[in-house]
Every structure is written in structure tokens, then in C-alpha cells.
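Structure at a glance
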Amino acid sequence: MTADSTKVRQRYDRLAPYFDGLEGFLEGLLFRRLRKKLWSQASGAHILEVGVGTGKNFPFYPDDARITAIDFSPNMLEMARRKQQRKQIAVDLALMDVQALDYADNSFDTVIASFVFCSVPKPRKGLKELYRVCKPGGQVLLLEHVLSSNKALAMMMNLFNPLILNTFGANINRQTLKSVQACPFQKIFVDPASSDMIKLIRAIK
């Protein structure tokens, strides 16, 4: 693991016990609805969730698929494991870095991540890994917050990004859609209901 990855992992390990509480307001107001919409598009027999965190997406897992879920923070994964056991969720959990997935090429029908690539030190490397493990004709589904297209707001986001990154381990100025477009996907769709700073992206391999 690189030095940058280690720093981010340590931040999330530190925040793990408080993470659900920190995002509780936004989760109830907005994120939960978006997660549900994202997962409604998941399909296929085998699905990979990248960045499972504390298990916020567990309520939206489809009943008719095998789910594998990973995270690179041991403490976040432990929170997910406790929630999995408490709620009897059928999921295979694993400690893993999205930048170096320990899965064979063309393994999953759907690869899905929510609010993950704001934290990946090398997002394009991670996205290329998602492309690699996705089956031909399969899909990568992403829910991500991104840099605003408003110049004044983007300037403020860039200004405050170092503080947010050092505190929470997440970047608020990523251009994730451009990173997805740099991968050799056949088709890329952005949900027309997406806002300026939160994008729901569907990429077909």
C-alpha cells in the first residue's frame, strides 16, 4: 500500500466508530434516496460493492444475487461486519484496496460504488480495476460527489479541499466523470436527474 493510501486508510480507521453519526443528517435527507436509486439498477448473478464502509447500502442489496463487498479500512469493515451479523445480511466481506483488486478479469456482472472515488488516492487506477473485473457487457455503477461546474463554487471547493481531505480523508474537488471517460467503456450514461455536484453514473463495458 502506498503512503497516500495508508494515510487515507488511517483517517477512515479513526472515523469508523463515528462515521454513521457524522453523515446521519445528509444520509436521511438525500443520500439514502440516491443509494436506493443506484442499487435499483444493479443486475446479474454476482455483484461487487467497492467501499462498503459501515454497510450503508445493505438495505438495498438485491435478494437474487451473490454480493461481494470490500473496503480498505479494517475498522470500517469491522463496523460493516457487525451490522451484517446483526441484520443477517448475505454478503461476502473482504479487506481490499480498489487500486489492486484481488479478483480475476471479467468476474462480476455489476460493480458498484457510492461516494468512494473521492477518497481513492489514484482514482483512474481504481476505475481501471473496476473495468478489469467487470464482465464484458456488464456495468459499473457509481454515485459520486464531484467538483462543481460553477467557477466560483469550484474555486472555493479547491481552496477548502486540503482541509476536508486532512480531516475526513475525502476530496471534494474530484472530476470523476472525466476519470470514467478515460477508461475504455463502450457507453457511459449520467442520470439526467443528477445534480451539479452529485452524479449517478452508469458505464457499460
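In this text, all values refer to a predicted model and were calculated from it rather than measured experimentally. Per-chain numbering applies: the sequence of each chain, read as written, is numbered from 1 onward. Reporting of local features is limited, given that this is a predicted model, to residues whose pLDDT is at least 70; pairs of side-chain atoms are given and counted only at 80 or more, and all residues count toward the totals for whole chains, interfaces and linings. The side-chain quantities take in all heavy atoms of the structure and omit both hydrogens and water.

1. Re the overall build of the protein chain
The secondary structure content of the protein chain amounts to seven helices and seven strands. The order of α-helices and β-strands along the protein chain, N terminus first, is α-α-α-β-β-α-β-β-α-β-α-α-β-β. Only C-alpha atoms enter the radius of gyration; for comparison, a globular chain is expected to reach 2.2 Å times N to the power 0.38, where N is the number of residues. What you see for the protein chain is a C-alpha radius of gyration of 16 Å, in line with the 17 Å of a compact globule of 205 residues. With respect to the principal axes defined by its C-alpha atoms, the protein chain has extents near 45 × 40 × 35 Å. Note on exposure labels: buried denotes an accessible area under 20% of the residue type's maximum, exposed denotes more than 50%, and partly exposed covers the range between, all computed with a 1.4 Å probe on protein chains only. Considering the protein chain as a whole, with its 205 residues, one finds that 49% of them fall into the buried category. Here a strand is any run of E in DSSP of at least two residues, a helix any run of H or I of at least four, and the numbering for each starts at the N terminus.

2. Overview of the pairing of strand 2 (residues 66-71)
Regular strands place side chains that alternate from one sheet face to the opposite one. For strand 2, the tally of buried residues reaches five of six residues, placing the bulk of the element in the interior. Following DSSP output, two strands are said to pair if at least two bridges run between them. As paired strands, strand 1 (residues 46-50) and strand 2 are joined by five bridges and run parallel to one another. Across the sheet, residue Val50 finds its bridge partner in strand 2, namely Ile70. As paired elements, strand 2 and strand 3 (residues 92-95) share four bridges and run parallel to each other. The residue of strand 3 that forms the bridge with Ile70 is Ala94.

3. Some thoughts on the nonpolar core
Among buried residues, the Ala, Val, Leu, Ile, Met, Phe, Trp, Tyr and Cys ones that are joined through side-chain atoms within 4.5 Å form a nonpolar core. One finds Leu48, Val50, Tyr103, Val111, Phe117, Leu130 and Leu142 to be the most contacted residues of the largest nonpolar core, which totals 25 residues. Mapped onto this core, the elements with two or more residues apiece are strand 1, strand 4 (108-114), helix 5 (123-133), strand 5 (134-145) and strand 7 (198-204). Phe31, Phe60, Ala69 and Leu93 belong to the second-largest nonpolar core, a separate cluster that totals 23 residues.

4. Brief notes about the pattern of salt bridges
The working definition used for a salt bridge is a side-chain nitrogen of Lys or Arg within 4 Å of a carboxyl oxygen of Asp or Glu. The tally for this structure, following the rule as stated, stands at six salt bridges. A salt bridge links Asp191 to Lys37; the shortest N-O distance between them is 3.2 Å. Placement of Asp191 in the loop between strand 6 (187-190) and strand 7 and of Lys37 in helix 3 (residues 24-39) is noted, with a sequence separation of 154 residues between them. For Asp191, a relative accessible area of 16% puts it in the buried group. Given a relative accessible area of 32%, Lys37 falls into the partly exposed group. For Asp105, the salt bridge goes to Arg132, with nearest N and O atoms at 2.8 Å. Of the two residues, Asp105 sits in the loop between strand 3 and strand 4 while Arg132 sits in helix 5, which places them 27 residues apart along the sequence. With relative accessibility at 21%, the residue Arg132 sits in the partly exposed group. When salt bridges that share partners are traced, they join Asp105, Glu129 and Arg132 into one network.

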